Every structure is written in structure tokens, then in C-alpha cells.
Amino acid sequence: MLAGLTGGALVAAAVFMTLGAKGQWDFILAFRGTKLIGMALVAYAVATSTVLFQTITQNRILTPSVMGFDALYAAIQTAVVFFLGAHQLSIFDPRLRFIVEALIMSGLSLLLFRWLFLGRHRGLHLVVLAGIVFGVFFRSLSLMMQRLLDPNAFIVLQDQLFASFNTIDQELLLVSGVIVVATSILSRRLLARLDVLALGRDVAINLGVDYRRVVMLLFAMIAILVSVSTALVGPVTFFGLLVANLAYQALGTDRHRYTLPAATLIAIIALVGGQTIFERVFGFDTALSIIIEFTGGIAFMLLLYRDLKR
Amino acid sequence: MIEIAGVSKTYEDETVLDDVSLVLPESGITAIVGPNGAGKSTLLSIIARLITPSAGAVRVDGLDVQKTKSDVLAKRLAILRQVNHVGMRLTVEELVTFGRFPHCGSRPTAEDERHVREAIAYLGLEALSGRFLDELSGGQRQRAFVAMVLAQDTNYVLLDEPLNSLDMKHAAAMMKLLRRAADTFGKSIVVVVHDINFASIYADRIVAMRDGRVVLEGTSDTFMREAVLRDIYDTHIDVREVDGHRLGLHYL
Ligand SMILES: Nc1ncnc2c1ncn2[C@@H]1O[C@H](COP(=O)(O)OP(=O)(O)OP(=O)(O)O)[C@@H](O)[C@H]1O
Ligand SMILES: [Mg+2]
């Protein structure tokens, strides 16, 4: 199964790199290459953060973005522009700003995660509701700050917030790549414990997992991955949900050794393949994120329906 | 030795464990009995560091369970909760293999596999070892979870109502199995049971709880008396001696 998915992802990447390419090859390869790397990075960040999040929270419906965490990131971006002002902003290295924003994001989401998942046990309903409320709250907060911004600053901000699969932010690519690779290497030792964590808090503790520490580290990793993907392509609400659940279905096993790579590969196929079809074949530029959100939204409703019926 | 020193637990303003002090020895079977809501599960969870006590401390072989690293304790003490639900789709064999995690992480050696096979065989699950948990009956699943806890191979084994949903044959077989584990391997087994007759026949010690307190520490001889049972359970239970065992006729 994994081999098949890897093959699919490679084919999608090859077609994306070559289809309809005319003119100077080195230019095309470099141009499309960066785009491809960007998409792969986003695919990895979204898929991994979703699977980890679902393992910790023991559910298949909640994802960091359904819980409003990319809205939180957008609010942080807005707040930074709001408090710095357009002038300050122009002399601020965007990469440095990204790192600062990602740090604030990690701190804040750790607080939220702790409150939601490590305190008293709260029912799934309450947590979903809280997530929706957070999402609305952060979005309105951003909107309010945007109203008050001066026009110059607003343009800078708009540039960031309306990033999409088409306009992956090139400047941030390298620094995001480094961050993602670094966190992944640091967290490799946690991976052995993920399967145990999926058995639930009590069983995990019984089997000797330092539950609080491991969960906090994983939440930190999730926050970083969400920051990266949101900074590169903006908020994507249902994409993670879609690829994670496709991976669980396709594999028939819940071992993270398989689900993590499978979800990432499916995400790459969806993004790169979809982008190739829409950009090259149909010539639409913006349709991909709409289609992905639409399919993901339907998947979300189906899952919710199935869970309610049980 | 497990030392429970002045342990209390309060939720909001409700006290569910009230200054419990108890010593559980290094081997043998201790049965914990008492009516619903007496605090048996809460006590077991506190011993196994799943719940933090509001006051007091628990030491296992001298190690404070709140302060000792979780992986160190996992090699000495294992717990089976009263209700077990696993979201992950697993076969019986995979589940039991998780019991070896404290010893080998996610890479089981031949030795670990032997423990897994033995635990599966002890609980008579050989024929079911490739089945998924959601394809088992309630009693079969319960036995699979007990197998996982036994595969952990710890000196202290805490079992919260392991006889849940077992039929008569398997319930008696389970108690005999625990007896064998205590006698042959010198393990210390703490088991919550509702059927006082199983406690009477198989346990070396009986600890009775009520309203968050330990009201009796004794043996079958001191516990299986009509006056004592009435105090604990608020109901009359005839006690008879059959083949040297004291049995309560609580069906009448
Ligand atoms: N999280 C909680 N919040 C508030 N009260 C609780 C909580 N958990 C347990 N209790 C209360 O603590 C008391 C003891 O519960 P516990 O589960 O320890 O009883 P038990 O002796 O195991 O009962 P049973 O025989 O029914 O399993 C009960 O009155 C219960 O309602
Ligand atoms: Mg109980």
C-alpha cells in the first residue's frame, strides 16, 4: 500500500514538473521545483499535524484547523502587523517575523491545548463547540484589527493572509523547510510512543509513557506544523481531516509507522495532482483549494453523521 | 510492598477517599470488596498513578508513584481498569504485545514474544489471537485485556473487576490463574471483586471498603460473617460453611 502511494506521489510530481513545459528547462524546473517543494512541505505539515492531533485526542473528527488553530495563527499575523505598523514591517525580515509569529503561536496553542485536553475530562461535544467558538473569536478579532489598520499595512497583511496553493510564499520556503525537518528529527524518539498513546491516557501511563510530557511535546510540534502550513498557503480547514481519514481507510491498520507516511503521501497526491489538473489542464487558478475544502467538508459531515448514528 | 499513607481524594466538595492507609504485601492475593461507589476503583487508580490524590502518598517498593518516572513503575506495577475501551483497531495478539512495551519499546525480542504467547495461552485465547478486538464477545475481550496486563510481567498486578462479563467457568478459571501467578511466581495481586465468595475462597487477604474508608482488613474468617457483611453491604447475607469454605448466600 505504502509503495503504491509512493509511486502515485512520484508520478504526480513528475507530471507536475513536465506537463506542458516549453521553453527554457532550467527556468521551468527551478520555478516548478520550488512550488513542488512548497506543496510537499504543506502536505507533510498538514497530514502529520492532523494524525498526531487525532491520536492524542482519540478521535477521527477533530483536527487542529477544525479547532480554529489556523484562525489563531491568522489573528497573530494580524496582531503583529497591527502593533508594528506598516513602516516597521517593511524593515523587518519576513523570515524573522515568521519565526516570531510561530513562537507566539506555539505558546498560545499550548495554553489552549492544555486547558482543553489535559485538565478535567471534557466531552467531545464541548470541545468541538469550544473549537468553533475559538475560530469565530479569532476571526472576528482579526477582522476588527484589520478595520483599524492603515491602508498600507493592510496591503502587506493581505498579501500574507491570502496565500494559497498557487502563491506559496517563496521567501518562507527555506526557513519553513529547516524548521519542519528540525522538529521532525527532534521528535523521532516520540514516534515509538505514538501507538501506545493511541490506546488512551490510562493504558499509556500504565505502560510507562510520561503522558503529560509527551503530549505537550506533541502539541508543540503540531503548533509549529500548523504555523508552517498556514504561513505558506493560508488556512485550510478540512484538508487534514480528508487525508488522515483516507489514510486510515486505505491502510486498515492504525500503526503510525504506516498512517503517518500514508497520510503525507495522499496529501501530496491530492495537492500536486490537483494542482496539475487545474492549472495545466483546465487553466483554472484558484479552484484547487475550493475543491479540496468542498470534498473535505463533505467528508467531515459524513464522519460526524456516522459518529452520531453510533 | 505497596504502602498507602493517608490517601484522600476529593472532587469539588465530595470526599470519595477519606484518609486511607494500607499496606499491601509483596506477594499473595488481596481482594478489595465493598459496595458500589465505595472508592475501590479510585484507590486502585491512585496506586497506579492514573489519578493524583488530594492528600497522602503511595509508595511501591519505596518509590513514590507521583514522583517516580513512569517507565520505571511500569516494570513493577500494572493495572487493568474497570472499563476498557481502545479506539485503535487491534488484534488480540497486537494488544497483548503492547503489554511488553515497558520492557522492549516497540521492538519485541524473542523473549517478549514468548511472554505474549504464554499470556495468550494462560487465558485460553490461542484460537482468537488473530481476531480484532471489535470482533470478540465481551468476556473474550475482557480476557484479552487481562492477558495484556499479565504479559507486562510485573510483580504487582492491580485488577479492577477482572471477572466482569466472564461466565462461571471462565470466572473460576481466572481466579485459579491468579492463584497460580501468586503461588508459582510470587506475584502480588490486588483484585476488586463483587462476588464475596470468590474473595472468600481465593484471596489471602480481604480489604473491605465503604464510603471512602477501609472498614476491615482481614481474611475469609473475619470477613465472612453475617454481622460484618450487614455492616458493609446494608443487607442480610446467610453465611454457610461448605467443604471448609465460607460461602455467602447472597442470592436469597
Ligand atoms: N471524576 C469524578 N468526579 C466526581 N466524582 C467521582 C469521579 N469519579 C468517581 N467519583 C465518585 O467517587 C465515588 C467512588 O467511585 P469509585 O469508582 O472509586 O467506586 P467503586 O468502589 O469502584 O464502585 P463500583 O463498585 O461501582 O465500581 C463514587 O461515589 C463516584 O461517584
Ligand atoms: Mg469500580
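Preceding this paragraph is the structure being described.
The following refers to the structure shown. (Residues numbered from 1 in each chain as written. Chains lettered and ligands numbered in written order. Predicted model: local features only at pLDDT ≥ 70, side-chain atom pairs only at ≥ 80, totals over all residues. Heavy atoms only, no water.)

## Let's talk about the coordination of the magnesium ion (ligand 2)
Moving on, step 1. Of the protein atoms, only Ser41(B) (OG) and Gln82(B) (OE1) coordinate the magnesium ion (ligand 2), at distances of 1.9 to 2.1 Å. Taken together, the residues Ser41(B) in helix H1 (residues 40-47) and Gln82(B) in the loop between strand S6 (77-80) and helix H3 (92-98) connect sequence positions 41 residues apart. (Donors = N, O, S within 2.8 Å, 3.2 Å for Na, K, Ca; no water. Helix = DSSP H or I, 4+ residues; strand = E, 2+ residues; numbered from the N terminus.)

## Considerations on the site of ligand 1
Residues and elements named next belong to chain B.
Moving on, step 1. Near ligand 1 you find 14 residues, and of these Val16, Gly37, Lys40, Ser41 and Thr42 are the closest.
Moving on, step 2. Taking Lys40, its side chain carries an N or O atom lying 2.7 Å from an oxygen atom of ligand 1.
Moving on, step 3. One of the side-chain N or O atoms of Glu161 is found 3.5 Å from an oxygen atom in ligand 1.
Moving on, step 4. Burial of ligand 1 by the surrounding chains reaches 64%, relative to a free accessible area of 640 Å².
Moving on, step 5. Where the shell around ligand 1 is concerned, the elements lending two or more residues are strand S2 (14-24) and H1.
Moving on, step 6. Examining the composition of the shell around ligand 1, we find that 3 residues originate from one element, H1, more than from any other. (Near = heavy atom within 4 Å. Polar contact = N/O pair within 3.5 Å; in protein donor to acceptor, adjacent residues only side chain to side chain. Areas by Shrake-Rupley, 256 points an atom, 1.4 Å probe, with all protein chains shown as cover.)

## Concerning the interface of chain A and chain B
Moving on, step 1. The interface of chain A with chain B comprises 18 residues on the first partner and 25 residues on the second.
Moving on, step 2. Buried area between chain A and chain B, both sides added, is near 1,900 Å², and the carbon and sulfur share of it is 56%.
Moving on, step 3. When the area that chain A buries against chain B is broken down by residue, the three leading residues are Leu199(A), Asn206(A) and Leu207(A), summing to 33%.
Moving on, step 4. Counting across the chain A and chain B interface gives 2 salt bridges.
Moving on, step 5. For the salt bridge of Asp202(A) with Arg81(B), the shortest nitrogen-to-oxygen distance reads 2.2 Å. (Contact = heavy atoms within 4.5 Å. Buried area = accessible area lost by both parts, 1.4 Å probe. Salt bridge = Lys/Arg side-chain N within 4 Å of Asp/Glu carboxyl O.)

## Observations regarding the pattern of salt bridges
All names here are of chain B.
Moving on, step 1. Taken as a whole and judged by the stated rule, the model has 22 salt bridges over all chains.
Moving on, step 2. One salt bridge in this structure joins Asp204 and Arg179, with 3.0 Å as the shortest N-O distance. With Asp204 in the loop between helix H8 (196-202) and strand S9 (205-210) and Arg179 in helix H7 (residues 168-185), the pair connects residues that are 25 residues apart, well separated along the chain.
Moving on, step 3. In this structure Asp204 comes out as partly exposed when scored by relative accessible area, which is 32%. (Buried < 20%, exposed > 50% of the residue type's maximum accessible area, 1.4 Å probe, protein only.)

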